[in-house]
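Residue-level structure breakdown
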Amino acid sequence: MIRKETCPNCKGNRYVSIETSDGDSRANKCPHCDGNGYRIRVTLTSESSRR
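Below is a short write-up of the structure. Note that the structure is predicted; figures quoted are calculated from it, not measured.

1. Looking at the overall build of the protein
Summing up its helical and strand segments, the protein has 1 helix and 4 strands in all. Across the protein, helices and strands are ordered from the amino to the carboxyl terminus as β-β-β-β-α. Looking at the protein as a whole, 14% of its 51 residues are labelled buried. For the protein, the share of sequence-separated contacts (at least 6 apart) that also reach a separation of at least 24 residues comes to 40%. Carbon together with sulfur atoms contributes 44% to the accessible area of the protein, which is approximately 4,500 Å² in total.

See the structure below:
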């Protein structure tokens, strides 16, 4: 089964704010979902759960 899950890091916003060394904050694409806002998870179903 294929699931589309909201990224827990950016919570679907696609961008995360990163604070630079000089104190400014800027928005970068989320590194966990590559800026998509979601992750795809593939799960295997067992035969016993289908019966």
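2. Regarding the pairing of strand β2 (residues 15-19)
Here 5 bridges tie β2 to strand β3 (residues 25-29), and the two strands are oriented antiparallel to one another. Within β3, the residue paired with Ser17 across the bridge is Ala27. Hairpin connection of β2 to β3: 5 residues between the antiparallel strands, including Gly23 at a positive phi of 100 degrees.

3. Structural notes on a nonpolar patch on the surface
A cluster of nonpolar side chains, namely Ile2, Tyr38, Ile40 and Val42, defines an oily patch on the protein surface of about 430 Å² accessible area. For the nonpolar patch, the leading source of residues is strand β4 (residues 38-42), giving 3 residues. Within the secondary structure, Tyr38 sits in strand β4.

4. Regarding the packing of aromatic side chains
Scanning the entire structure with this criterion turns up 0 aromatic pairs. Just above the ring of Tyr38 sits the side chain of Lys4; from NZ or CZ to the centre is 4.3 Å.

Thresholds, definitions, all that
Residues numbered from 1 in each chain as written. Predicted model: local features only at pLDDT ≥ 70, side-chain atom pairs only at ≥ 80, totals over all residues. Heavy atoms only, no water. Helix = DSSP H or I, 4+ residues; strand = E, 2+ residues; numbered from the N terminus. Buried < 20%, exposed > 50% of the residue type's maximum accessible area, 1.4 Å probe, protein only. Contact = heavy atoms within 4.5 Å. Areas by Shrake-Rupley, 256 points an atom, 1.4 Å probe, with all protein chains shown as cover. Pairing = 2+ DSSP bridges. Patch = residues over 30% accessible without salt bridge, like charges linked within 9 Å, V, L, I, M, F, W, Y side chains within 5 Å. Salt bridge = Lys/Arg side-chain N within 4 Å of Asp/Glu carboxyl O. Phe/Tyr/Trp six-rings, centres within 6.5 Å; stacked < 30°, edge-to-face > 60°. Lys NZ or Arg CZ within 6 Å of the ring centre and 35° of its normal.

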